[in-house]
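Okay, here's what each chain looks like letter by letter:
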Amino acid sequence: MEAALVWRPDLASYDFGGSHPLDPVRVTLSVSLMRDYGVPPSDAVLSPRPARDDVLELVHDAGYVAAVKEASAQPDRFHPRMGLGTTDDPVFRGMHEASALVCGASAAALSAVVEERCLRAFSPAGGLHHAHRARAAGFCVYNDPAVAIAAVREQHPGLRVLYVDIDGHHGDGVQEAFYDSPEVMTISLHETGAFLFPGTGFSDEIGEGAGTGYAANVPLPPWADDECYRLAFDGVVVPLADAFRPAVVVAQLGVDAHHSDPLTQLGLSLPGYRWLVRRIVGLADGLCRGRLCALGGGGYSARTVVPRAWAWVMAELLGVDVPEELPETWRAQVRAFGEEPPATLGADDAFELPHARRQQVVEKTRAAVRETRAAVFPHLGLTP
Ligand SMILES: [Zn+2]
């Protein structure tokens, strides 16, 4: 099988409710658009099971899992702690089950790829990269990318995993989970923590102990555009991946770096996003016989941008072309939410800064890339 979608409808129960920006409609409308396009075929959909406690506890403290369960069972009586019960991570009934299911989905995607039941897999409900060992953060309860990586490495000790994160925010929780490991390399491209949550992800965060040189970050300036992402990807991700020689690539494909996103100030276009995803697919093709596990992530233009990005990702992973013209059936669903649907899948999307401003942004990006290369490359025997 070329590529699998890991999905079941109750993954949408990861829902903080109210006007919380992480509205599950971002994922359900993505899967709807995939289906309207006919990608993937029905026999390529894997239905996951929730991750067991012992699997969650490869990454999270048992005391934290117990607190999530307590909040989940009696949200009205829960005393806020460990990041739970905050504005970003309000508690809700069934929170543990929903969060464990997201972890199960991403773990199923990664193990299907590693065990070669499919070449590539996509878990669009996953990518909750901000959760810490004993603390919820940034709309993330359990860290499904870290749980999936830890779980597959339990089954396959020594497996070399390259984690690439193109979400608009730093992939802090995943970096933290493997900070001292030379067998899991984490690379994150994101808007600089000087201006944006979670306030980390600087060039000098490079791993520790035996893991020194196996974490890399490119903090991009506000309004970094397609060209900036190209500089960061070619200047940092490609040479590090080549040097690392992974057995599998895990990619967090958050789409909140998009220029329309309400929570970030970045300038990526949908064609720029496609270029990045194609490059990640190409890295896996070149380095690990195509083995790629794609996860969702952020993205808060929930009805207009995220579904277009992720339906395109699924088609790309399957290696099929889909028309730019969006299916009317899907556009009608967006209209039912009171929003005017876009007309195309996004090849014509663009973002442009005024010339002088853009030159500054590109220069700042070049400086960030230089700093990251200087900090990380010597540890891997590479010339900065
Ligand atoms: Zn994000």
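Just so it is clear, the model here is predicted, and its values are computed rather than measured.

Novice: Explanation requested: the packing of helix α1 (residues 25-37) against helix α9 (residues 306-318) in the structure shown.
Specialist: Helix packing for two helices is described by the angle between their axes and how far apart those axes are. Remark: α1 packs on α9, axes separated minimally by 8 Å, with the N-to-C direction vectors making an angle of 45°. By the criterion of interaxial angle, the relationship of α1 to α9 is oblique. For the pair α1 and α9, the crossing hand works out as right-handed. Of the residues in α9, those in contact with Arg26, Leu29, Ser30, Leu33, Met34 and Tyr37 of α1 are Val306, Pro307, Trp310, Ala311, Met314 and Ala315. Tallied by class, residues from the contact of α1 with α9 come to 10 nonpolar, 1 polar and 1 charged.

Novice: It is not clear to me how unusual backbone geometry should be interpreted in this structure. Could you clarify?
Specialist: Glycine aside, the phi torsion of most residues is negative, and most peptide linkages are trans. Residue Pro40 is reached from Val39 by a cis peptide bond, and omega for that bond is -10°. Its place among the elements puts Pro40 in the loop between α1 and β2 (45-46). With omega at 0°, the peptide bond leading from Phe197 into Pro198 counts as cis. As for its position among the elements, Pro198 is in the loop between β5 (184-191) and β6 (215-220). Its identity is not glycine, yet Met82 carries a phi of approximately 55°, on the positive side. Looking at the secondary structure, you find Met82 in the loop between α3 (62-73) and α4 (95-114). Positioned with a positive phi, Phe139 is a non-glycine residue whose angle comes to about 70°. By the secondary structure assignment, Phe139 is in the loop between β3 (120-123) and α5 (144-155).

Novice: Help me understand the nonpolar core in this model?
Specialist: The nonpolar side chains of soluble globular proteins are, as a tendency, buried together. Judged by nonpolar contacts, the single largest core of 132 residues is most densely connected at Val147, Val249 and Met314. Counting residues per element, this core draws most heavily on α4, at 14 residues. Setting aside anything within four residues of it in sequence, one finds Val147 in contact with Ala51, Val55, Leu56, Leu58, Val59, Cys103, Ala107 and Tyr142.

Quick notes on the rules
- Residues numbered from 1 in each chain as written.
- Predicted model: local features only at pLDDT ≥ 70, side-chain atom pairs only at ≥ 80, totals over all residues.
- Axes fitted to C-alpha atoms, helices over the stretch in contact; angles between N-to-C directions.
- Helix = DSSP H or I, 4+ residues; strand = E, 2+ residues; numbered from the N terminus.
- Parallel < 35°, antiparallel > 145°, perpendicular 65-115°, else oblique.
- Left-handed = near helix turned anticlockwise from the far one by under 90°.
- Contact = placed C-beta atoms within 7 Å.
- Nonpolar A, V, L, I, M, F, W, Y, C, P; charged D, E, K, R; others polar.
- Core = buried A, V, L, I, M, F, W, Y, C linked by C-beta atoms within 7 Å.
- Buried ≥ 20, exposed ≤ 12 C-beta atoms within 10 Å, placed from the backbone.

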